[in-house]
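Fold and geometry: a report
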Amino acid sequence: MSASSEGGAAAPLALRPLLVELNDLKRVHSAGRLGSIAERLFAQGWGALTGGAAAEDVALDITAKALAAARLCDLDAAFLAAAGLEHQAASDVLVAGFDAVTDAVDPALRDRLRARLHGTSSALPGSLPAFVSALAHQPRAGVTCPGKPRILLEPPENHAEHCLMVAVYGVVLSPFYRADPTLVFLAAMSHHFHNAAMPDAGFTGEMLLGDHLGPIMARTNQWALDELDPPLRETVQRARAVLPDDATAEGRAFHAADCIDRVLQIAQHLRAAGLTMAIVLDDMELVHAGPVKGFHDRVLTDMHIP
C-alpha cells in the first residue's frame, strides 16, 4: 500500500474505518484517570521524549497503545497488571485488541507496532513541559469561516487530543506516502505549540490578525520550544520543517492526517445526531444475547420501548 503517481489516489481508503474508530479515543474517559485516552497518550509521549527515549521508540509505542485502545479503551497494560495478569497474558490481551482493528495497516508497520505490545520499558519519563498541560486545557475553535459566526459543537476537543490523533494517524498513514513515521509523529505532536499560549479563534481569528499572525505564531511557538532541552528541541525543530507544505512525503502524511482528523471530529457529532433506535437495538444489539434476552425483549415490548 503506497501512494500512486501524480493523479492517483491521494489517501488510502482502506484505512478509513480504522481512523474513524481511533477518533473516539478523544472522547473515552475512565474513573480515576484525568483526561481522555488521547490526552493522556499525548502526555505519555512527551514524558517519554523528555525522559530521553528515542523518538522512533516513542512514535511506535504510542501508536501501538492507541491502536490497542481502539477496542480495549482503558483496559491497558497498567490496568491489566494491577488486576493480576502476568506480563505475557496482558500482552496477549493487548495484541488481541490491536489485531482486531489493524487488518488494513501496512504489514511491515503492523509487525513493528505489534512487537511494541510485547515489550517492557524500564525508561523513566521525564518532567512534562508546561505546554503539555496548556494544550490539554486549550479548547479547539470549532468550525470557523471568515465573515461568518462560528459553529461550536460541545464538548469541544482540546489541542492535546488533536495533536495526539494527528500523530497516530500520521504514523499509520506513513507507508502510503513512503514517509518517515518518526518525523511525521514529532511534527504532529508539536504542530500546535503556539496554542499552548495562544487562544484558538480559528481561521477567522487568524485572518483578522492579518500581518500580526506570523510574528505572534513565531513567538508563541518559540515559547514552547524553549521548554525543551537543546538536543530534543533541535530534533523537534527538524521535524517541524515538514509542516508548511506538502512538498515532502512527510509533509503529505502530516497534512493528510491533520485534514482527516479535523473533519472526522465534526463527522462524529453528525453521526451521533443521526443515530436511530434501529441502529442501537438491531445493528449494535444493545439488548444482547444472554439468558435473560427473551425477558428483556418482552419488557421493552410491553413498555412500548422504543
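Everything here concerns the structure above.
What comes next concerns the included structure.

What counts, and where the lines are drawn
- Residues numbered from 1 in each chain as written.
- Predicted model: local features only at pLDDT ≥ 70, side-chain atom pairs only at ≥ 80, totals over all residues.
- Heavy atoms only, no water.
- Helix = DSSP H or I, 4+ residues; strand = E, 2+ residues; numbered from the N terminus.
- Buried < 20%, exposed > 50% of the residue type's maximum accessible area, 1.4 Å probe, protein only.
- Areas by Shrake-Rupley, 256 points an atom, 1.4 Å probe, with all protein chains shown as cover.
- Lys, Arg positive; Asp, Glu negative; His and termini not counted.
- Charge placed at Lys NZ, Arg CZ, Asp CG, Glu CD.
- Salt bridge = Lys/Arg side-chain N within 4 Å of Asp/Glu carboxyl O.
- Pairing = 2+ DSSP bridges.
- Axes fitted to C-alpha atoms, helices over the stretch in contact; angles between N-to-C directions.
- Parallel < 35°, antiparallel > 145°, perpendicular 65-115°, else oblique.
- Left-handed = near helix turned anticlockwise from the far one by under 90°.
- Contact = heavy atoms within 4.5 Å.
- Nonpolar A, V, L, I, M, F, W, Y, C, P; charged D, E, K, R; others polar.
- Core = buried A, V, L, I, M, F, W, Y, C linked by side-chain atoms within 4.5 Å.
- Phe/Tyr/Trp six-rings, centres within 6.5 Å; stacked < 30°, edge-to-face > 60°.

Moving on to the overall build of the protein. Scanning the protein from terminus to terminus reveals 15 helices and two strands. Projecting the C-alpha coordinates of the protein onto the three principal axes gives extents of approximately 65 × 50 × 45 Å. Put simply, the protein has 306 residues, and 42% of those count as buried. Within the structure as shown, the protein displays about 15900 Å² of accessible surface, and the carbon and sulfur contribution to it stands at 60%. Here the protein carries 24 positive and 36 negative side-chain charges, and the mean point of each set is 2 Å from the other.

So, about the pattern of salt bridges. In this structure the tally under the stated criterion is 16 salt bridges. The shortest N-O distance in the salt bridge between Asp 74 and Arg 33 comes to 3.1 Å. Separated by 41 residues along the polypeptide, Asp 74 in the loop between α3 (55-72) and α4 (77-82) and Arg 33 in the loop between α1 (16-22) and α2 (37-50) bring together distant segments of the chain. Among the residues examined, Arg 33 registers a relative accessible area of 25% and is labelled partly exposed. Among the ionic contacts, a cluster of salt bridges with common partners joins Lys 26, Arg 140, Glu 157 and Asp 261.

Turning next to the pairing of strand β2 (residues 148-151). Strand direction decides the pairing type here: strand β1 (residues 143-145) and β2, joined by two bridges, are antiparallel. Bridging from a neighbouring strand, Cys 145 pairs with Lys 148 of β2. With antiparallel pairing between neighbouring strands as the criterion, β1 and β2 make up a hairpin whose turn holds two residues, including Gly 147 at a positive phi of roughly 90°.

Moving on, we come to unusual backbone geometry. The linkage connecting Glu 154 with the following residue, Pro 155, adopts the cis geometry, with an omega of -5°. Going from Ile 305 to Pro 306, the amide bond is cis rather than trans, its omega being 5°. Here Cys 73, not a glycine, exhibits a phi torsion of approximately 55°, which is positive. Mapped onto the secondary structure, Cys 73 falls in the loop between α3 and α4. Residue class for Cys 73 comes out partly exposed when judged on its relative accessible area of 28%. One non-glycine residue with positive phi stands out, namely Glu 285, at about 50°. Using a relative accessible area of 44% as the deciding quantity, one classes Glu 285 as partly exposed.

A separate point is the packing of helix α5 (residues 87-99) against helix α6 (residues 107-116). It is at 10 Å that the axes of α5 and α6 come closest, and there the two elements cross at 155°. Here α5 lies roughly antiparallel to α6, going by the angle between them. Like other packed secondary-structure pairs, α5 and α6 cross with a definite hand, here right-handed. Here α5 contributes Val 95, Phe 98 and Asp 99 to the contact with α6, which in turn contributes Arg 110, Leu 113 and Arg 114. Its residues assigned to classes, the contact of α5 with α6 shows three nonpolar, no polar and three charged.

Okay, the nonpolar core next. Ranked by size, the top nonpolar core spans 74 residues in total, and within it Leu 22, Phe 42, Trp 46, Leu 164 and Phe 185 carry the most contacts. Of the residues forming this core, the biggest block, 13 residues, is contributed by helix α8 (residues 159-177). In this view, Trp 46 contacts Leu 128, Phe 131, Val 132, Met 189, Ser 190, Phe 193, Leu 228, Leu 232 and Val 236; residues no more than four positions away in its chain are not counted.

The subject of this paragraph is the packing of aromatic side chains. For the structure on display, the rule yields four aromatic pairs. Residues Trp 46 and Phe 193 carry aromatic rings whose centres are separated by 5.7 Å and whose planes lie at 40° to one another, so their mutual orientation is tilted. Here Trp 46, found in helix α2, pairs with Phe 193, found in the loop between α9 (181-190) and α10 (202-209); they are 147 residues apart in sequence, far enough to count as distant. Each member of the pair Trp 46 and Phe 193 is classed as buried. Between Phe 176 and Tyr 177, the aromatic rings sit 4.9 Å apart at their centres with planes inclined by 85°, giving edge-to-face as the arrangement.

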